[in-house]
Amino acid sequence: MESSCRFLINDILKIKEMGFNTIRKHVKLECPRWYYHADRLGMLVWQDIPNGGEKYNDFTVTLPLFFRSFLSDRKHRRLFSRRNKKERDDFVFFTLDVVAHLYNQTSICMWVLFNEGWGQFDSDDLRTRVEAFDDSRTIDQASGWHDQKSGDFSSRHVYFFPFRMKMDARCVILSEFGGYGLDGEKTSERRKFTYKDSRDKKELGKNLQKLYRRDVIRNIPKGLAASIYTQLSDVEQEKNGLLSYDRKTVKVEKEAMLEIRKEIDQTLNLKNIISPS
């Protein structure tokens, strides 16, 4: 038990040491002990609801990454893989159950209902139901794309292109970006996935500094409110973590990340939310 607790605590401490103050728990739930340590150590949490639905349509979940064309999640349930009414009802029940289960975890500051159109449906209605149950937290109802032009957030995922800030009546957040890795990393999967590779720790740190200056720091004066870096650790074929899957390797120098935090603080004159998913 002590060994497993150290692993739970280590993720939070490593990220804090790099200057991050938020972790997005991406389409998964952790054991209660993890949230206890997030509460205790002062780490904010954006909590995703694990996605559901049938087999996803590539047109729905992939093309918006390149073409900013969004669908109504009420009219196109077939394209969102949500034709089954019982499954939709079960997902609503599950979502409210998750909110009730984690309600008293003070580290959680946001519920993320849907991610990149994965099984998305009636997000406006679900947001209203979650708000009625818990009005103490913010809600990102459609993270990435298939924005329904409602709610409190314009939530953007940007990887292949520079992030360009567009003013919105809602709060604008860059809820996913980055995904950088190192050359030569091996994976048991058929292929390794990163959005950009660097030769070593030092180069990765410099590339991350350039990325943050381009996509985050220059957009703060334009109204960008928060950013979530992809990602905390490697997962399966995704070798774009700041930490290796087994947590034995920290891929980037801490000083490089702290310099990013310093520049953000100087731009804001207060602490901004920068975090890995």
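To be clear, the structure that these remarks concern was listed above.
These numbers come from a predicted model, not from an experiment.

1. Brief notes about empty space enclosed by the protein
Okay, so step 1: Considering all chains together, one arrives at 2 cavities of 30 Å³ or more under this definition.
Okay, so step 2: Estimated volume of the largest cavity: approximately 50 Å³.
Okay, so step 3: Taken together, Arg127, Ile139, Asp140, Gln141, Ala142, Asp147, Ser150, Gly151, Asp152, Phe153 and Ser155 make up the full set of residues lining the largest cavity.
Okay, so step 4: Counting only elements with at least two residues in the lining of the largest cavity, the list comes to strand 4 (138–140) and strand 5 (153–158).
Okay, so step 5: Partitioned by chemical class, the residues of the lining of the largest cavity number 3 nonpolar, 4 polar and 4 charged.
Okay, so step 6: The wall of the second largest cavity is formed by Val27, Asp48, Ile49, Asn51, Val112, Leu113, Phe114, Asn115 and Trp118.
Okay, so step 7: Tallied by class, residues from the lining of the second largest cavity come to 6 nonpolar, 2 polar and 1 charged.

2. So, a positive patch on the surface
Okay, so step 1: A contiguous patch of positive charge, built from Lys196, Lys202, Lys206 and Lys210, is present on the exposed surface.
Okay, so step 2: It is helix 6 (residues 201–215) that provides the largest number of residues to the positive patch, a total of 3 residues.
Okay, so step 3: With respect to the element layout, Lys210 can be found in helix 6.
Okay, so step 4: Judged by relative accessible area, Lys210 falls into the exposed class, the value being 55%.

3. Observations concerning the state of the cysteines
Okay, so step 1: With the rule as written, the count across this model stands at 0 disulfides.
Okay, so step 2: Cys171 carries a free sulfur, and the closest cysteine sulfur to it, the one in Cys109, is 12 Å from it.
Okay, so step 3: Using a relative accessible area of 29% as the deciding quantity, one classes Cys171 as partly exposed.

4. Thoughts on the nonpolar core
Okay, so step 1: Within the largest apolar cluster, 52 residues are counted, with the highest numbers of intra-cluster contacts made by Trp111, Leu208 and Tyr229.
Okay, so step 2: By size, the runner-up hydrophobic cluster in this structure holds 7 residues, among which are Trp46, Met110, Val112 and Ala226.

5. Side note on the environment of Lys85
Okay, so step 1: Structurally, the position occupied by Lys85 is in helix 4 (residues 85–102).
Okay, so step 2: Take Lys85: its relative accessible area is 52%, and that puts it in the exposed class.
Okay, so step 3: Residues Lys85 and Gly181, 96 residues apart in the sequence, show an inter-C-alpha distance of 41 Å.

6. Section: the sheet that holds strand 2 (residues 44–48)
Okay, so step 1: Strands sit in the order 1-2-3-4 across an open sheet of 4 strands; the sheet is parallel. With partners counted over all chains shown, the strands left at the sheet margins are strand 1 (22–25) and strand 4, one partner each. Averaged over all neighbouring strand pairs, the angle between strand axes comes to 20°, with direction disregarded.
Okay, so step 2: Where strand 2 lies against strand 3 (residues 108–112), 4 bridges are found, and the strand directions are parallel. The residue of strand 3 that forms the bridge with Asp48 is Val112.
Okay, so step 3: Packing against the sheet, helix 2 (residues 32–41) makes contact with strand 1, strand 2 and strand 3, and its axis sits at approximately 150° to strand 2.

7. Quick notes on the pairing of strand 2
Okay, so step 1: Burial analysis of strand 2 places 4 of its 5 residues in the buried class, the great majority of the element.
Okay, so step 2: In the sheet, strand 1 pairs with strand 2 via 4 bridges, with the strands oriented parallel. Residue pairing for strand 2: Ile23 is matched across the bridge by Val45.
Okay, so step 3: Since strand 1 and strand 2 lie parallel, the crossover through helix 2 that links them has a hand, and here it is right-handed.

8. Brief notes about the packing of aromatic side chains
Okay, so step 1: Tallying each qualifying case throughout the model produces 12 aromatic pairs.
Okay, so step 2: Each ring, one from Phe91 and one from Phe114, has its centre 5.4 Å from the other, and the planes form 20°; the classification is stacked. Of the two residues, Phe91 sits in helix 4 while Phe114 sits in the loop between strand 3 and helix 5 (123–133), which places them 23 residues apart along the sequence.
Okay, so step 3: Taking the relative accessible area as the measure of exposure, Phe91 reaches 5% and is therefore buried.
Okay, so step 4: Ring centres of Phe177 and Tyr229 lie 5.8 Å apart, and the angle between their planes is 85°; this geometry places the pair in the edge-to-face category. A residue pair is termed long-range when its members are at least 10 positions apart, and Phe177 in strand 6 (residues 171–178) and Tyr229 in strand 9 (residues 226–230) qualify at 52 residues. For the pair Phe177 and Tyr229, one class covers both residues: buried.

9. Observations regarding helix 7 (residues 254–268)
Okay, so step 1: Between its first and last C-alpha, helix 7 extends 21 Å over 15 residues, near the 21 Å set by a 1.5 Å rise per residue.
Okay, so step 2: Those residues of helix 7 lying buried are Ala256, Met257, Ile260, Arg261, Glu263 and Ile264. The arc that holds the buried residues of helix 7, viewed along the axis, is 160°, so those residues lie on one side. Opposite the buried face of helix 7, by more than 90 degrees, sit the exposed residues Glu255 and Gln266.
Okay, so step 3: One or two positions beyond helix 7, positive phi appears at Asn269, with a value near 65°.

Rules used in this analysis
Residues numbered from 1 in each chain as written. Predicted model: local features only at pLDDT ≥ 70, side-chain atom pairs only at ≥ 80, totals over all residues. Heavy atoms only, no water. 1 Å grid on protein atoms, 1.4 Å probe; cavity = no way out; pocket = protein on both sides within 12 Å on 5 of 7 lines; lining within 4 Å. Points joined across faces, edges and corners; volume = space filled by probe spheres on them. Helix = DSSP H or I, 4+ residues; strand = E, 2+ residues; numbered from the N terminus. Nonpolar A, V, L, I, M, F, W, Y, C, P; charged D, E, K, R; others polar. Patch = residues over 30% accessible without salt bridge, like charges linked within 9 Å, V, L, I, M, F, W, Y side chains within 5 Å. Areas by Shrake-Rupley, 256 points an atom, 1.4 Å probe, with all protein chains shown as cover. Salt bridge = Lys/Arg side-chain N within 4 Å of Asp/Glu carboxyl O. Lys, Arg positive; Asp, Glu negative; His and termini not counted. Charge placed at Lys NZ, Arg CZ, Asp CG, Glu CD. Buried < 20%, exposed > 50% of the residue type's maximum accessible area, 1.4 Å probe, protein only. Disulfide = S-S within 2.5 Å. Core = buried A, V, L, I, M, F, W, Y, C linked by side-chain atoms within 4.5 Å. Pairing = 2+ DSSP bridges. Axes fitted to C-alpha atoms, helices over the stretch in contact; angles between N-to-C directions. Contact = heavy atoms within 4.5 Å. Right-handed = clockwise from strand over helix to strand, strands pointing away. Phe/Tyr/Trp six-rings, centres within 6.5 Å; stacked < 30°, edge-to-face > 60°. Expected span 1.5 Å × (residues − 1). Arc of directions from axis to C-beta.

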